[in-house]
Amino acid sequence: MAKVMVVGSINSDLVVQVERYPHAGETLNGSELAWFPGGKGANQAVAASRLGAKVTMVGAVGRDFYGDELIHSLQLNLVDISYVKRTSGASGAAIITVEQNGENRIILSQGANKYVTLVNPEELDGIDWLIVQNEIPWSVTEAAIQLAHERGVKVLVNPAPAAFIPHNLYPLVDVLVVNEVEAKEIMGAEADELSEEDTARKLVSLGARAVLLTLGARGSLYVTQDKMLRIPAYPVKNIVDTTAAGDTFIGGFIAGVTAGKAIEEALQFATAASAVAISRLGAQASIPTKGEVEAFIQKQ
C-alpha cells in the first residue's frame, strides 16, 4: 500500500450553529457549543486514512485536555502519530460558526501548531505522497516541499488559508489544490479577469504539474499541460456543514490515487466523499469511510 505523510495543523474545533452570522455589535443565540477534532492537516490525514490510505501525521498539540483528545482521534482513525509532538501551552483551536445553509466562518488560534517541526530526511523514506497546507509556520511547509521533492516524494499542496507561494516552489508541486477564493488570493487581481479554465491553466504555467480547482456545487476542474477534466458535483439535498468538505475531497483524491485509481476515477471518488461529508456536522466527525462512499456512489 502506498504511504502518505501529512505535515500540518491539528486543532480543536469549537462549533456553534446560528441562523445567520451576527453583525458588528450584535448578539445572537446559537446552538449548544459542540467540540470536534479538526485542523486542516489532521482532517486531511483522517480523511485519507478512513478512505483507504496508509497515513502518517506530522504536527504538534499542547499538553492540555484537548491535546489528549486530538491524539486519541488520530489513533482511532489509524493515523500513525509517531511524529506528533506535545508542547507546553494550548493546542490549536478554531472557532467556527455554521449558518443554516451550511456555510461556515472560522477564526484560528494557532496554539501548538506554531511549534511544528519537520521530520528528519530519512523519515521520508518509503513515503509516496506528502500533503501540506498553510496552518503551520510557512518555513516548515516550504522545507517539507523541498525535501520531499529532493527525495522523489510526490507533493500535494493545499495553500489554505490562502497565501502567496514563491514562484520557485511551483515546479516542485505535483498537485496544487485550491478553491476559487484561494486562487484569487494567490494570483491577485488577474484572477478576476480569467475564466475557471484559464485560472487553472495560469497556475499550471507557473510550474505545478497539475492544478485541481475546487468549485463547490459546480464540482472541480483538474488541469495539466495536456489534459483538462471537469468533474461535476453530486447533488446534496440537505447541506449541514461544509467545514471539512475540501479536506475530505483531498483525502479522498489521495486515497484514490494511492489505491491505483485513474485520475478521473479518483476525482469522482473524492467528490462523492465530500458530498457525504457536507451532509453531517463537524470536521473529522463528518468524514465518511471508504465503504460509505462506495455505497453512496452505487445509489447515484
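Details of the structure are given in the entry above.
As a convention, each chain's residues are numbered from 1 in the sequence order in which they are written. Under the rules for a predicted model, residues below a pLDDT of 70 receive no local features and side-chain atom pairs below 80 are neither given nor counted, while totals for whole chains, interfaces and linings still include all residues. Excluded from the side-chain calculation are hydrogens and water; included are all heavy atoms of the structure.

## Looking at the pairing of strand β11 (residues 211-214)
Condition: Only protein chains enter the accessibility calculation, which uses a 1.4 Å probe. A residue is then buried if its area is under 20% of the maximum for its type, exposed if over 50%, and partly exposed in between. Numbering of helices and strands runs from the N terminus; a helix is a DSSP stretch of H or I covering at least four residues, while a strand is a stretch of E covering at least two. Whether two strands pair depends on DSSP finding at least two bridges between them.
On β11, burial covers both faces: Val211 and Leu213 on one face and Leu212 and Thr214 on the other are all buried. For strand β10 (residues 175-179) and β11, the ladder comprises 4 bridges, and the chain directions are parallel. Across the sheet, the residue bridging to Leu176 is Val211, located in β11. By the bridge criterion, 4 bridges tie β11 to strand β12 (residues 220-223) in an arrangement that is antiparallel. Opposite Leu212, over in β12, you have Tyr222 as the bridge partner. Counting the residues in the hairpin turn of β11 and β12 gives 5 residues, including Gly216, whose phi is positive at 60°.

## A closer look at the pattern of salt bridges
Threshold: A side-chain nitrogen of Lys or Arg and a carboxyl oxygen of Asp or Glu constitute a salt bridge if their distance falls within 4 Å.
Following the criterion strictly, the structure yields 13 salt bridges and no others. Between Arg20 and Glu26 there is a salt bridge, with the nearest N and O atoms lying 2.5 Å from each other. Judged by relative accessible area, Arg20 falls into the partly exposed class, the value being 33%. For Glu26, a relative accessible area of 28% puts it in the partly exposed group.

## A look at the sheet that holds strand β9 (residues 154-157)
To keep things clear, this is the line we draw: Axes here refer to lines fitted to C-alpha atoms; in helices the fit is confined to the stretch in contact. Angles between the N-to-C directions go from 0 to 180 degrees. A contact between two residues is defined here by any heavy atoms of the two lying within 4.5 Å.
Judged by pairing direction, the sheet is mixed, and its 9 strands sit side by side in the order β5-β4-β1-β8-β9-β10-β11-β12-β13 without closing on themselves. In this open sheet, the two edge strands, each paired with only one partner strand, are β5 (80-87) and β13 (228-231). This sheet shows a mean twist of 15° between the axes of neighbouring strands, independent of strand direction. Packing against the sheet, helix α2 (residues 65-76) makes contact with β4 (54-62) and β5, and its axis sits at approximately 175° to β5. This element, helix α4 (residues 180-187), spans β10 and β11 of the sheet and lies at about 105° to β10.

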